[in-house]
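Residue-level structure breakdown
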Amino acid sequence: MSIVLTDFARPRLFPRVPRGNTIQDCSAEQFEAHLNAHPPLKMLDGYAPFCKLFVYENWTSTRCLTVPITEANRHQLRSGYEARNREELPVLVRWFEGVESPRANYLVVILYSAEQLAKEGSPIAADWGIVGCIYTAEPEEVPMAPITMMRNALGVEEGGSGVPLDREAYQHAVAFWESNANWRP
């Protein structure tokens, strides 16, 4: 089985100007090589048959992606409309400023099958393509953001995967994201 970093994930996980809330202590090439050389601690099913999550112990100093919202930090929440790339419509997102999370214990790598990536117009020369990575304290998936679920339901032409909205999964995600937020340095 082979894994490659997709053009979609590369700038998000390894931006040209490094940020404190992305993968630390290795290059994109070193990250890809590590995943291909080491088996995951465990594999989880993703939100669709073409999506898998590989859980690795964090071998870097990468920090958790999310921080619980408390009365002490609520005033540091920010929001704005953003698109993940030039082709996508901007959506409302929120994040913390001035809050730093602890070091992540696990990296949960989000993989799409080569077949799905070809369907989305992003063919790869491998079995699996990295589309994202969750940095977390527990060896489990953090629920997909509700807006990402909606984007996926809109279809490939709007930057999604074409998977219909799962109401129960959506409600679960809302419960998590009402009390947690991403952070930015």
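As a reminder, the structure under discussion sits directly above these lines.
Now for a description of the structure that goes with this document. This structure is a prediction, so every number in the text was calculated from the model and none was measured.

Some details on helix α2 (residues 28–37)
- Within α2 the residues assigned to the buried category are Ala28, Phe31, His34 and Leu35. Mapping the buried residues of α2 onto a view down its axis gives an arc of 125 degrees, with all of them on the same face. Away from its buried face, by an angle of more than 90 degrees, α2 presents the exposed residues Glu29 and Ala37.
- Those residues of α2 that are buried are in contact with β1 (3–5), α1 (10–13), β3 (51–57), β7 (106–113) and β8 (128–136).

Focus on the sheet that holds β7
- Here we have five strands laid out as an open sheet, ordered β1-β8-β7-β3-β2, and mixed in their pairing. Each edge of the open sheet carries a strand with a single partner, namely β1 and β2 (42–45). Adjacent strand axes in the sheet meet at a mean angle of 40 degrees when their direction is disregarded.
- With four bridges joining them, β2 and β3 adopt antiparallel strand pairing.

Thresholds, definitions, all that
Residue positions are given per chain, counted from 1 along the sequence in the order it is written. The predicted origin of the model limits local features to residues at a pLDDT of at least 70 and limits the giving and counting of side-chain atom pairs to 80 or more, whereas totals for whole chains, interfaces and linings rest on all residues. Each side-chain value is derived from all of the structure's non-hydrogen atoms; neither hydrogens nor water enter the calculation. Working definition: with a 1.4 Å probe on protein chains only, accessible area under 20% of the residue-type maximum means buried, over 50% means exposed, and in between means partly exposed. Counting from the N terminus, the helices are the DSSP runs of H or I reaching at least four residues and the strands are the DSSP runs of E reaching at least two. It is the directions from the helix axis to the C-beta atoms that the arc portrays. The criterion used for residue contact is that any of the two residues' heavy atoms lie within 4.5 Å. Two strands qualify as a pair provided DSSP detects at least 2 bridges between them. To obtain each axis, a line is fitted to C-alpha atoms, and for helices this fit is confined to the stretch in contact; angles are then taken between N-to-C directions over 0 to 180 degrees.

Read these as layout, nothing more, since geometry by itself doesn't imply function.
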